[in-house]
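One-letter residues, chain by chain:
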Amino acid sequence: MDLELSKEDLAFRDGLREVFLGAIPEEIRKRSALGLITRDDIVTSQRILNEHGLAVPHWPTQWGGQDWTPTQSHIYASELQRNAVPQPLAFNASMVGPIIAEFGSEEQKQKFLPATANLDIWWSQGFSEPEAGSDLAGLRTTARLDGDHYVLNGQKTWTTLGQYGDWMFVLARTNPDAPRKQQGLSFLLLDLNTPGIERRPIKLVDGSAEVNEFFFDNVVIPAENLVGEENKGWTYAKFLLGNERNGIAQVGTGQRIFADLAAAAADLPTEDGPLADDAEFRAAMHTAKTTLLALEATQMRVTAASENGQPSPVSSLLKMEGTQTLQALTKLRMRAAGSDGMLLDTESPVRADEASVVAAAQYLNQRKLSIFGGSNEIQRGVIAKTILGL
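Residues numbered from 1 in each chain as written. Predicted model: local features only at pLDDT ≥ 70, side-chain atom pairs only at ≥ 80, totals over all residues. Heavy atoms only, no water.

## Some words on the pattern of salt bridges
Applying the stated rule across the entire model yields 14 salt bridges. The partner of Arg13 in a salt bridge is Asp14, and the shortest N-O contact between them spans 3.2 Å. With a shortest N-O distance of 2.4 Å, Lys368 and Glu210 are connected by a salt bridge. With Lys368 in the loop between helix H11 (355–365) and helix H12 (376–387) and Glu210 in the loop between strand S6 (197–202) and strand S7 (211–222), this pair connects stretches of sequence that are 158 residues apart. (Salt bridge = Lys/Arg side-chain N within 4 Å of Asp/Glu carboxyl O. Helix = DSSP H or I, 4+ residues; strand = E, 2+ residues; numbered from the N terminus.)

## Side note on a negative patch on the surface
A surface patch of like charges, here negative, comprises Glu106, Glu107, Asp146, Asp148 and Glu224. Tracing the chain through its elements places Glu224 in the loop between S7 and strand S8 (226–227). Note on Glu224: relative accessible area 60%, which makes it exposed. (Patch = residues over 30% accessible without salt bridge, like charges linked within 9 Å, V, L, I, M, F, W, Y side chains within 5 Å. Areas by Shrake-Rupley, 256 points an atom, 1.4 Å probe, with all protein chains shown as cover. Lys, Arg positive; Asp, Glu negative; His and termini not counted. Charge placed at Lys NZ, Arg CZ, Asp CG, Glu CD. Buried < 20%, exposed > 50% of the residue type's maximum accessible area, 1.4 Å probe, protein only.)

## A few points about the environment of Leu317
Checked against the element boundaries, Leu317 lands in helix H10 (residues 314–337). Taking relative accessible area as the criterion, Leu317 reaches 31% and is therefore assigned partly exposed. The sequence separation of Leu317 and Val382 amounts to 65 residues, and the corresponding C-alpha distance is 8.8 Å.

## A word on the environment of Leu54
Considering the arrangement of structural elements, one finds Leu54 in the loop between helix H3 (39–51) and helix H4 (70–82). C-alpha separation for the pair Leu54 and Val19, spaced 35 residues apart in sequence, amounts to 9.2 Å. Ignoring any residue separated from it by four or fewer positions in sequence, one finds Leu54 in contact with Leu16, Val19, Phe20, Leu49, Trp68, Tyr76 and Pro88. (Contact = heavy atoms within 4.5 Å.)

## Concerning the packing of aromatic side chains
Applying the stated criterion across every chain, the model contains 13 aromatic pairs. On the numbers, 6.3 Å between centres and 90° between planes, the contact of Phe127 with Phe187 is edge-to-face. Here Phe127, found in the loop between strand S1 (123–126) and strand S2 (142–146), pairs with Phe187, found in strand S5 (residues 185–191); they are 60 residues apart in sequence, far enough to count as distant. The class of Phe187 is buried, set by a relative accessible area of 0%. (Phe/Tyr/Trp six-rings, centres within 6.5 Å; stacked < 30°, edge-to-face > 60°.)

If you want it as structure tokens, here you go:
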């Protein structure tokens, strides 16, 4: 694949940079680069992007999308990450939005899509459960149809940024007697102000509480909030997870971290000279650089394959290798921080001037990448079956 950009694509890239670097406040991008963005930063950035038609470019054009080529889509994602622009909230832009646009009713599209694009609604993902995370099909939360509404009972966990959620898209079992566990699931939209919902934060090892667990006790969901057909939720979930795994790889983020590391290593002293001259460090950096180049090409393939509305199984490979590379880079950043990288204050928020603590916090936080979005072990099974034909 030719990774060189044409003149037209270079002009397209430069136009994006004008918005990313000119319209998004610099202080937001600085906080984003350190992993310290706030809820307000995410909302502000997405609304600015939406004003410029750049919040949901992969949606249908009638709902704010752009008729871009796969290469342009790839450039957009890469430039967001390379310039540390907070990405449009994935739960809105890459998950529930495309599902509603593809499978929702006209009423659902009119009600939810504009507000979803502008982040007037903050969506949460209701998929994982205590015994159904990597193997999502084993979920136990039920939604029983009772007249003109469903009654939801069960639990969801590891809900990222769920403390901010206004609505949740929920995968629940509507037919417990289905012959296969992948069958009998439905995709429902839930107003989180509905009675019977309890949300609890889960404190993580890096001191943050970005994930939550939700408990549902006879929660009423209007039947009109069913997306698509009843018991076809697994089909919609696969469509969504393909988009999620593609995004988790964060190739542009990896490239930015690599560039920052390479520049810093030249000035970081060790007993034998600059860290950049250390043979082991150089070898690890060369491995990361080679992998990032391969991931960039793979991401373009996945983007192109997704243009027909079907998830690409190669997204599993991209997710697995991309997350492992990001983890390797945060490990290298810990090494660059030296003994200061062992510092971690779990009792107070990390400040932007505490570079060593940021390195430690991000190293610990990135351990999750190989688990969520379908664990890498599960992805190896998907790759073996759908790509290798084993």
